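# Structural overview
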Amino acid sequence: MYQIRCLLLHFVILSLAVPSGMAQSKTAQPKDTTKYDRDYALEATMLGFFGKDGSRNPTLKANKGDKVRITITNGELMTHDIALEKLGIKSKVILEKGSSTSLIFKALQSDIYFCSVPGHRAAGMVGTFEVVEGAISNATIAGQLPTKDGQPLNLNFETGTLKDWTATGDAFANPLFNSDPSPVHEKEMNIGFEGKYFLSSGGTTNYKLTGTLTSAPFKVTQPFAAFRVSGGALQDTRVELVLAGTDNVIYHITGQGRATLQPAVVDLQAYLNKDIFIRIIDNETGISQIPYIANDKWAHINFDEFLFYPSRPDFPNELKQKDIIVLPPLDPVLNAGLSGEKAAKAMTPPKGFKVTLAASEPEVVKPISFTIDSKGRLWVVEGHTYPVRAPEGQGRDRILILEDTDGDGTLDKKKVFAENLNLISGIEVGMGGVWLGSAPYLLFIPIDAKNDKPAGPAQTLLDGWGLEDTHEILNNLRWGPDGWLYGTHGVFTHSNVGKPGAPDSERTKLNAGVWRLHPVTHKFELFAEGSSNPWGIDFNDYGHPFITVCVIPHMYHIIQGARYQRQAGKHFNPYTYDDIKTIGDHVHWVGERGPHAGNFRSASAGGGHAHAGAMIYLGGDSWPKEYRNEIFMNNINGARLNIDHFERNGSGYVASHKPDFLAMNDSWSQWLNFKYDPSGSVWAIDWYDKNQCHSPNPDVHDKTMGRIFKISHENDKWVKADLSKASDMELVNYQLHRNEWYVRQARTILQERGPNKKVHKALKEILAKNPDETRKLRALWTLHVTKGLTEKELTDLLSSEGEYVRSWAIQLLTEGKTVSPETLKRFAELAKSDNSSLVRLYLTSGMLRLDPSQRWDVLDALVQKAEDKDDHNLPLMVWYAAEPLAALDMKRALQMAEKSKLPKILPYTIQRVAAIGTEESKKVLKDLNEKLGKAESHENHETQMLIAKALNPGL
């Protein structure tokens, strides 16, 4: 058959072509004396692979049969490697700056070289390897200097002077240099200039200088020109060609953040016989306005040798504009180091809003987390111990209870609830006590409500929380609508959580993700995994959680059992294969150099990559309607509150950027979280510090400052509330309140009070008759937390008209990780017939909680939903639920995958079956291969190729 012949041919080609990859460590390997026909050396950075001549991702050439070595040296503290795509080989991974590794292979075919570390290829670390015929030469045609009045112009500076040029400013007062290394550049830098001289506006030594250098005008007598340039990839360090007699710039280019001069080629065919001049600009001082960000030494430009060419010259290291990632200028910083009063006045909220200083140092110092109780009071953690956990018994953190007694926006009443706590990173109040993240522990302190004092010593509910990176430990504790305590956790801290004394078999591993703890049963779960360092979580009107994160794209809709894009590391399940990406259609940083490069240059996009806090505003009707159900997050580098707007899309959401809500106009501002109160106003805690980056060195952080601010609208009316005194029926009625503060506080109090038939009856009335689905959901959640629903009642809700109610019925039915056969049958019916992708998402999530043997019928229907093939969540969520089925019945799993209309199920199932690695698994795949070969099609051929690779992973 055609496919079989192609497959065999493919095997033969691979067997002949695949050489052995070889990685060499710079320090661990003996010196290699082998001779290579082609020996290439590249520097590896996140901006790309760079040759010694400055070329970015250069095309590497060899003749067929050549023995080739490609060596990369790490140009930064970052993990990199080098791989060849078609040959399927890769080097070892290097981490330290200056470390090296190599690929050694025989040149048999052209290929792609790239960095295989996740995300690095997409960031631009990719180039071409070409097998060519004939001699490999870098020679190009000769150029000539432009002339004026019959004499060559000094556009290569070989006179040793600025003849034919006019300088302004300081940068070009003494700009000519005749040695390499240059006296104004760092010693290891190679300039690579032509002739005796080159020009620099200051090098890395005098980068603060600014100025402009303009040549005499000259006529364009050839169709092409080229000149050499290097230096900063900054908007204000550039070379321009300008049409004489006008200010019309016909060409411009910057350096690319490297010292080696590279030729830039200009097409001047449209300007033949017209006069132009060269303008070299350095208006960038490189001086950082941020106290702890170093000055930019690349704030200069180097230039040499402008020549005309009769045809387009070919330079192997040509500098092309598309390869340059230009940074915009630094954002202006209006203020830094202000008093609390001045900081509040410096902010620019929207019209109708005001910001009030509620408290500041020394009354409040280093507020790291807070919550609001059922009396509208703030419980604030002072993080004196951060960033290093103190020896046991020597913690210095404390919890304050702060209250505004008269509604003037200042916290005029203060109590100390607890002292001598250790590395507190998160707090929530309710269910009889205070819940605290205190890595390596999660603590519970019972409350004496009459005296606002602990009713007993702190209890360790869970231990095993990691301490590797103390700004990524458990944080942002918050009650979920289902009555569980939710929290977030960062990627570089590795936890193994369980009850004190529990063996590993009873513990849960986690790093990046969202976790939850039941306050009564103390069951602990990883709710969803992935992301980076989430420091904010909140729930919308439909009970859907969202997190805000740093470094990677910032916004994620959190689904139970989901696995999300990670900043680093691998998922715990090795068969994940792919993860769910951000719902954001934007990022808050500018440029293409990555998120860190955009810091303090990204005001136009939202301020930068670092976010803290998450608040979906549901604070009532006093704020303008456009803010309801929008998510607020603090942009730390940008010192501003960002807003994202959610729109339903398929089973999930798309988050779009809205205008920033508020600018602090103060580079020391660091709001960590914010929450609305009974009046609809918002309280915010500010860890005020000039250092915005985590450091394990305690001396880096100023431990003397801290602020709390109140944001209020002119329509806000102060309310003195105390829901702890409300009757059960009053608490039920609060489930209908427009301000979610009342809803959540009332639900938690009812949960603590326990089951009540009158409460259940009233809530079921709301669930049955209220026309608003969000009110139905509130009744449903409160019934659940007060144990007011049977499995039959929940199963009946699967027929509800509202997709949100049907979805939540599924989640609540699967909470216990088991359902009745009747309920499972209903799930299968929904999977076949329900028209809501949201319901299908919850079904998939529910399957992840059930034993794999119970999932077959539901998943068999879900994989055939062609309408979900482009859904943001469902193809991967279905895979996560289906993956364990391969281990139960390989043949049945493949049969189900063959029917799949979702794009990832069949290839992933083949990969998963192959990973079992038994003779039986190989036979099942071979049988499938034979079956596919009997029906010729492109799709079948592609699947056969995949089977071949799965059975022979070394190919």
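What comes next is a walk through the structure.

The rules behind each value
Residues numbered from 1 in each chain as written. Predicted model: local features only at pLDDT ≥ 70, side-chain atom pairs only at ≥ 80, totals over all residues. Heavy atoms only, no water. Pairing = 2+ DSSP bridges. Helix = DSSP H or I, 4+ residues; strand = E, 2+ residues; numbered from the N terminus. Axes fitted to C-alpha atoms, helices over the stretch in contact; angles between N-to-C directions. Buried < 20%, exposed > 50% of the residue type's maximum accessible area, 1.4 Å probe, protein only. 1 Å grid on protein atoms, 1.4 Å probe; cavity = no way out; pocket = protein on both sides within 12 Å on 5 of 7 lines; lining within 4 Å. Points joined across faces, edges and corners; volume = space filled by probe spheres on them. Nonpolar A, V, L, I, M, F, W, Y, C, P; charged D, E, K, R; others polar. Expected span 1.5 Å × (residues − 1).

This next bit is on the sheet that holds strand 46 (residues 652–663). Spatial strand order, 43-44-45-46: four strands in an open sheet with antiparallel pairing. The open sheet has two edge strands, strand 43 (611–616) and strand 46, and neither has a second partner. Across the sheet, the axes of successive neighbouring strands diverge by a mean angle of 25 degrees, strand direction being ignored. Judged from the nine bridges that link them, strand 45 (residues 640–649) and strand 46 form a sheet pairing that is antiparallel. By the bridge assignment, asparagine 649 is partnered in strand 46 with glycine 652.

This brings us to the side chain of asparagine 156. With respect to the helices, strands and loops of the structure, asparagine 156 is situated in the loop between strand 11 (151–152) and strand 12 (165–169). Given the relative accessible area of 14%, asparagine 156 is considered buried.

A few words on empty space enclosed by the protein. This structure, assessed with the given rule, holds five cavities of 30 Å³ or more. The calculated volume of the largest cavity comes to roughly 160 Å³. What lines the largest cavity is a set of 17 residues, among which Lys375, Gly376, Asp404, Trp718 and Val719 lie closest to the centre. Residue composition of the lining of the largest cavity, grouped by class: eight nonpolar, two polar and seven charged. Lining the second largest cavity we find 16 residues, and of these Ile558, Ile559, Gln560, Gln811 and Tyr842 sit closest to its centre. Of all the elements in the fold, those that place two or more residues in the lining of the second largest cavity are helix 8 (803–813) and helix 10 (837–847). Looking at which element gives the most residues to the lining of the second largest cavity, the answer is helix 10, with four residues. Taken together, the residues of the lining of the second largest cavity break down into 10 nonpolar, six polar and no charged.

So, about the pairing of strand 29 (residues 433–438). With six of six residues buried, strand 29 is to be regarded as a mostly interior element. As paired elements, strand 28 (residues 426–430) and strand 29 share five bridges and run antiparallel to each other. Within strand 29, the position partnered with valine 429 by the bridge is valine 434. Here strand 28 hands over to strand 29 after two residues, with methionine 431 in that stretch at a positive phi of 55 degrees. In this antiparallel pair of consecutive strands, strand 29 and strand 30 (residues 441–448), the connection spans two residues.

Moving on: helix 17 (residues 938–951). With 14 residues, helix 17 should cover 20 Å at 1.5 Å per step; its first-to-last C-alpha distance of 20 Å lies within 8% of that length. Along helix 17, the residues classified as buried are Asn940, His941, Thr943, Gln944, Ile947, Ala948 and Ala950.

Two modes of strand pairing occur in sheets, parallel and antiparallel, and in both the strands are linked by backbone hydrogen bonds. In space, the three strands of this open sheet follow the order 39-40-41, with antiparallel pairing throughout. Each end of this open sheet is capped by a strand with a single partner; those strands are strand 39 (537–539) and strand 41 (555–557). Here the strands of the sheet are splayed against their neighbours by 25 degrees on average, with no regard to which way each runs.

A few words now on the environment of alanine 612. Along the chain, alanine 612 turns up in strand 43. By relative accessible area, which is 2% here, alanine 612 ends up buried.

Glancing now at the layout of surface pockets. Put simply, the second largest pocket is a space of about 920 Å³. Counting only elements with at least two residues in the lining of the second largest pocket, the list comes to strand 1 (38–45), strand 3 (60–63) and strand 9 (126–132). Per element, the largest residue contribution to the lining of the second largest pocket is five residues, and it comes from strand 1. Of the residues assigned to the lining of the second largest pocket, the class counts are 12 nonpolar, nine polar and 13 charged.

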